[in-house]
Amino acid sequence: MNEQIVPITRALISVSDKTGLEAAAKRLVAAGVSLISTGGTAAATCRLVEELRGVVVGLGFLIEIGGLGGRARLGERTVESLHTY
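Reading the values: the criteria
- Residues numbered from 1 in each chain as written.
- Predicted model: local features only at pLDDT ≥ 70, side-chain atom pairs only at ≥ 80, totals over all residues.
- Heavy atoms only, no water.
- Helix = DSSP H or I, 4+ residues; strand = E, 2+ residues; numbered from the N terminus.
- Buried < 20%, exposed > 50% of the residue type's maximum accessible area, 1.4 Å probe, protein only.
- Lys, Arg positive; Asp, Glu negative; His and termini not counted.
- Charge placed at Lys NZ, Arg CZ, Asp CG, Glu CD.
- Salt bridge = Lys/Arg side-chain N within 4 Å of Asp/Glu carboxyl O.
- Expected span 1.5 Å × (residues − 1).
- Contact = heavy atoms within 4.5 Å.
- Core = buried A, V, L, I, M, F, W, Y, C linked by side-chain atoms within 4.5 Å.
- Polar contact = N/O pair within 3.5 Å; in protein donor to acceptor, adjacent residues only side chain to side chain.

So what exactly am I meant to see when it comes to the overall build of the chain here?
In terms of helices and strands, the chain carries three helices and four strands. Ordered by position from N to C terminus, the α and β elements of the chain give β-α-β-α-β-α-β. Principal-axis analysis of the C-alpha atoms gives the chain an extent of 50 × 30 × 25 Å. Here the chain holds 85 residues, and 24% of them are scored as buried. Averaged over its 9 positive side-chain charges, the chain has a centre that lies 2 Å from the centre of its 8 negative ones.

And the structure:
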């Protein structure tokens with residue numbers, strides 16, 4: 001059998017229980033993986049990237065639900081959304 005190993009370059013993270021998230025995200029960032037996250041997980045991911053001396057240049061979302069208050073958790077970071085409800 002001819003198996004091919006494909007390197008991971010991006011990872012989508014969306015969890016309600018953030019137990020263990022920090023350790024997992026640190027390993028992914030250290031391996032050069034770009035992290036994609038949603039909602040409150042986006043704020044946690046930004047903090048982790050910055051703690052690891054990474055630079056968050058901005059955040060992009062397909063859909064933003066304004067009533068959930070996620071943008072406020074992201075502070076002064078640049079946030080772009082295609083659709084806002």
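Can you walk me through unusual backbone geometry in this structure?
When glycine is set aside, most residues are seen to have a negative phi, and most peptide bonds are trans. In this structure, Arg 53 is a non-glycine residue whose phi angle is positive, near 65 degrees. Under the relative-accessibility criterion, Arg 53 is labelled exposed at 79%.

Explanation requested: the environment of Gly 54 in the structure shown.
Along the chain, the position of Gly 54 falls in the loop between helix H2 (39-51) and strand E3 (59-64). Considered as a pair, Gly 54 and Val 29 are 25 residues apart in the sequence and their alpha carbons are 8.7 Å apart.

Help me understand the pattern of salt bridges, please; the structure alone is not making it clear to me.
Any two side chains of opposite charge can pair if their charged atoms end up close together. According to the stated counting rule, one finds three salt bridges in the structure shown. With a shortest N-O distance of 2.8 Å, Arg 71 and Glu 64 are connected by a salt bridge. Residue Glu 64 is classed as buried on the basis of its relative accessible area, which comes to 13%.

Would you explain H2 in this entry?
Relative to the 18 Å expected for 13 residues at 1.5 Å per residue, H2 spans 19 Å between its end C-alpha atoms, a close match to the ideal helical length. Of all the positions in H2, only Thr 41, Ala 42, Ala 43, Ala 44, Thr 45, Cys 46, Leu 48 and Val 49 are classed as buried. Residues of H2 that are buried in the fold lie against strand E1 (10-13), helix H1 (21-30), strand E2 (34-37), E3 and helix H3 (70-73). In the segment just after H2, Arg 53 is the residue with positive phi, at about 65 degrees.

What should I look at first to understand the nonpolar core in this one?
Proteins that are soluble and globular tend to have nonpolar side chains buried together. Membership of the largest hydrophobic core is limited to eight residues, which are Ala 11, Ile 13, Leu 21, Ala 25, Val 33, Leu 35, Ala 44 and Leu 48. Elements that contribute at least two residues to this core include exactly E1, H1 and H2. In this view, Leu 35 contacts Ala 11, Ile 13, Ala 25, Leu 28, Val 29 and Thr 45; residues no more than four positions away in its chain are not counted.

Sorry if this is basic, but what is going on with the side chain of Glu 64 here?
As for its position among the elements, Glu 64 is in strand E3. At 2.7 Å, the side chain of Glu 64 forms a polar contact with the side chain of Ser 81. Look past the residues within four positions of Glu 64 in its chain and what remains in contact with it is Arg 71, Ser 81, His 83, Thr 84 and Tyr 85.

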